[in-house]
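Structure assessment
As a plain string of letters, each chain reads:
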Amino acid sequence: MSLLEIPFPAIDPVALQIGPLAVRWYGLAYASGLILGWLYIRRLLSEQTLWPADKQPMSADDADELLIWVTAGVIIGGRLGHVLFYQSGYYLSNPLEIFAIWKGGMAFHGGLLGTGLAMLSFARRHGVSIWPVMDLVSAAVPIGLFFGRMANFINAEVVGSPTDMPWGMVFPGWGNDPRHPAMLYEAALEGIALFLILRYATHSLKTLKLPGLTTGVFLVGYGAFRIFCELFKVIEYRIFVEGSSITKGMVYSVPMILIGAWFIYRARNQPAADAVER
């Protein structure tokens, strides 16, 4: 091992084994992110002064059902996104591997689409506006992103490109070259930093009073952080155009930034009365 590398902590992916039942860190990380995000949504709903006319868009109990919808959207959308957006050739040759989610392989952009459909279905079912539902989920998403990226780290997936930086790691299954621990960069930026930005937005700037504004901030913030992190993830299967340094993650994040910018413009330019009604 070179002095300019950090040994990868060989964490057993199985957190607990009870007979044939194996509880994996990967599943625990996703469950923790979803549960803590749900609790945070309930907390936001309990703070009346954050909302237009000091009135929450739905009850805290409605967040219980929202958790079920979002969980389905994250798992189904995230897995299908990974299969279709990143390694379709492999899964076409090994279709049964599509269901082996305990081995890792979840794409955020697929999870975003799946969660979007889940939120729309929830909003229609409860007769509420989609905008505050999206704002609530957007404010909580960085919690799940942090735990999801830590799950990537434990599974030694979503690694970065080779590096000679002193914090490079040799990941099992990725050769002998030290690589950027890109998933830790993402945990710090897309998880911790983005949560703090959104927390400031919702509680200091009162962005929840303008439906769609919090979602817009999330989309722009995530898209920018993701593109930055992709600079350290230039690996063959992630390349969008052969021979370039443009990754699929970069390309998929551009529409997020554009849509987020439109959400911000729309929220800031709608009449106050309209904001309350919608």
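Analysis parameters
- Residues numbered from 1 in each chain as written.
- Predicted model: local features only at pLDDT ≥ 70, side-chain atom pairs only at ≥ 80, totals over all residues.
- Heavy atoms only, no water.
- Pairing = 2+ DSSP bridges.
- Helix = DSSP H or I, 4+ residues; strand = E, 2+ residues; numbered from the N terminus.
- Axes fitted to C-alpha atoms, helices over the stretch in contact; angles between N-to-C directions.
- Parallel < 35°, antiparallel > 145°, perpendicular 65-115°, else oblique.
- Left-handed = near helix turned anticlockwise from the far one by under 90°.
- Contact = heavy atoms within 4.5 Å.
- Nonpolar A, V, L, I, M, F, W, Y, C, P; charged D, E, K, R; others polar.
- Phe/Tyr/Trp six-rings, centres within 6.5 Å; stacked < 30°, edge-to-face > 60°.
- Buried < 20%, exposed > 50% of the residue type's maximum accessible area, 1.4 Å probe, protein only.
- Lys NZ or Arg CZ within 6 Å of the ring centre and 35° of its normal.
- Salt bridge = Lys/Arg side-chain N within 4 Å of Asp/Glu carboxyl O.

1. Section: the pairing of strand β1 (residues 14–18)
- Bridge count between β1 and strand β2 (residues 21–24): four bridges; the pairing is antiparallel. Following the sheet pairing, Q17 is matched in β2 by A22.
- Linking β1 back to β2 in an antiparallel pair, the connection comprises two residues, with G19 at a positive phi of about 60°.

2. A closer look at the packing of helix α4 (residues 108–126) against helix α7 (residues 213–230)
- Viewed as axis vectors pointing N to C, α4 and α7 meet at an angle of 165°, and their least axial separation amounts to 13 Å. In terms of axis orientation, α4 runs roughly antiparallel to α7. Along this stretch, α4 crosses α7, giving a crossing that reads as left-handed. The residues of α7 that touch α4, namely those facing F108, H109 and L112, are F218, L219, Y222 and R226.
- Split by residue class, the contact of α4 with α7 holds five nonpolar, one polar and one charged.

3. Comments concerning the packing of aromatic side chains
- Tallying each qualifying case throughout the model produces 10 aromatic pairs.
- Taking 5.3 Å as the distance between ring centres and 55° as the angle between the ring planes, the aromatic pair formed by F8 and F171 counts as tilted. Of this pair, F8 sits in the segment before β1 while F171 sits in the loop between α5 (130–154) and α6 (182–203), and the two are 163 residues apart along the sequence. Each member of the pair, F8 as well as F171, carries the same accessibility label: buried.
- Both rings, one in Y40 and one in F195, keep their centres 5.2 Å apart while their planes meet at 55°; by these two values the pair is tilted. With Y40 in helix α1 (residues 25–46) and F195 in helix α6, this pair connects stretches of sequence that are 155 residues apart.
- Three or more aromatic residues link up through ring pairs in this structure, and these residues are F8, F153 and F171.
- The residue whose ring lies beneath R266 is W131, and the NZ or CZ to ring-centre distance is 3.8 Å.

4. Regarding the pattern of salt bridges
- Scanning all chains against the criterion turns up 11 salt bridges.
- Here D61 and R42 are joined by a salt bridge, their closest N and O atoms 3.7 Å apart. Placement of the pair is D61 in the loop between α1 and α2 (62–85) and R42 in helix α1, with a sequence separation of 19 residues.
- Residue R42 is classed as partly exposed on the basis of its relative accessible area of 25%.
- Linked by salt bridges that have partners in common, R149, E186, E190, R226, E230 and K233 make up one network.

Keep in mind that these numbers describe shape and distance, not what the molecule does.
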